Every structure is written in C-alpha cells, then in structure tokens.
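# Residue-level structure breakdown
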Amino acid sequence: RTTYTLTMAPQNTSSSSSSGSSIPDTRPTYTDEQLHNALLNFYGGSSATTENCGHIFGFGNPHHEMSMLQRITATTMLDYESKLNEGQDAAAAAITELLEQA
C-alpha cells in the first residue's frame, strides 16, 4: 500500500526556478474572514437565504471550515476584485469583453 503526502509551499516566500534564480511571490494573502466574506457576497450577501443557498457546503454554519475549492474560489474573486480597483493600467477584462472574444 502506497501512501502519498501532499505538502504545500508557504505563501509569500521566494521560490527558486529551475535556472536557480529566486523569484519573489507577490501574491496577496487573505484572512479566513476575508475569504468567507467574499463567498458570502458571491452568494448574495445579506439577502442569501438557506432556501436559495442551502445546497452550498457549509452555508449558514459560522464554524464551517472552507473546503480547498471554496478557498480557491474566494481567493480568485478577491484577486480579480483588486485588479478592478487598481485602475486602467491593470484593468481586468469585463465580462462583456470576454463574451465578445469568445
């Protein structure tokens, strides 16, 4: 029987590429509260109810530990939000632009 162990690199540290150069990790890190709020806003904020969100894993449970997929989704949403707030230089594509390109 083979056992596999998944280890994750710490965030916001320098990592070495195959060429040996060190590249700083500039990705932002978010608190659990920020991630939770991002998902709650995605679900509809204060108007989200058990009736329309009860099927979502952990919805309505204040002690719920988010799944990895929920963390990835919330992080992506917060990353995208920060790009939208940076201004024209780093503007993220609007959904209408993406649909036109498709």
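Residues numbered from 1 in each chain as written. Predicted model: local features only at pLDDT ≥ 70, side-chain atom pairs only at ≥ 80, totals over all residues. Heavy atoms only, no water.

### Some details on the side chain of Gln70
- For Gln70, the position within the fold is in helix α3 (residues 68-85).
- Residue Gln70 is classed as buried on the basis of its relative accessible area, which comes to 9%.
- Look past the residues within four positions of Gln70 in its chain and what remains in contact with it is Leu39, Tyr43, Ile56, Phe57 and His64. (Helix = DSSP H or I, 4+ residues; strand = E, 2+ residues; numbered from the N terminus. Buried < 20%, exposed > 50% of the residue type's maximum accessible area, 1.4 Å probe, protein only. Contact = heavy atoms within 4.5 Å.)

### Here's the deal with α3
- Helix length check: α3 (18 residues) gives 26 Å between terminal C-alpha atoms against 26 Å at 1.5 Å per residue, within 8%.
- When α3 is considered as a whole, its buried residues turn out to be Gln70, Ala74 and Leu78. Angularly, the buried residues of α3 cover 60 degrees about the axis, an arc narrow enough to put them on a single face.
- Elements that come into contact with the buried residues of α3 comprise α1 (32-43). (Expected span 1.5 Å × (residues − 1). Arc of directions from axis to C-beta.)

### Some points on the nonpolar core
- One finds Leu35, Ala38, Leu39, Tyr43, Ala48, Cys53, Ile56, Met66, Ala74 and Leu78 forming the largest nonpolar core, which totals 10 residues.
- For this core, the secondary structure elements donating two or more residues are α1 and α3.
- Among the elements that line this core, the one with the most residues is α1, at 4 residues.
- With residues up to four places along the chain from it excluded, the contact list for Ala38 reads Ala74, Met77 and Leu78. (Core = buried A, V, L, I, M, F, W, Y, C linked by side-chain atoms within 4.5 Å.)

### Quick look at the packing of aromatic side chains
- Counted according to the given criterion, the structure contains 2 aromatic pairs.
- Considering the side-chain rings of Tyr43 and Phe59, the 6.0 Å spacing of their centres and the 70 degrees angle between planes classify their relative orientation as edge-to-face. Of the two residues, Tyr43 sits in helix α1 while Phe59 sits in the loop between α2 (50-53) and α3, which places them 16 residues apart along the sequence. (Phe/Tyr/Trp six-rings, centres within 6.5 Å; stacked < 30°, edge-to-face > 60°.)

### A word on the environment of Leu39
- Position of Leu39 among the secondary structure elements: in helix α1.
- On the basis of relative accessible area, Leu39 is assigned to the buried category, the value being 6%.
- Other than its neighbours up to four places away in sequence, Leu39 contacts Met66, Gln70, Thr73, Ala74 and Met77.

### With respect to the pattern of salt bridges
- On inspection of all chains with the given rule, the structure shows 1 salt bridge.
- Taking the shortest distance from any N to any O, the salt bridge between Arg71 and Asp32 comes out at 2.9 Å. Of this pair, Arg71 sits in helix α3 while Asp32 is found in helix α1, placing the two residues 39 residues apart along the sequence. (Salt bridge = Lys/Arg side-chain N within 4 Å of Asp/Glu carboxyl O.)

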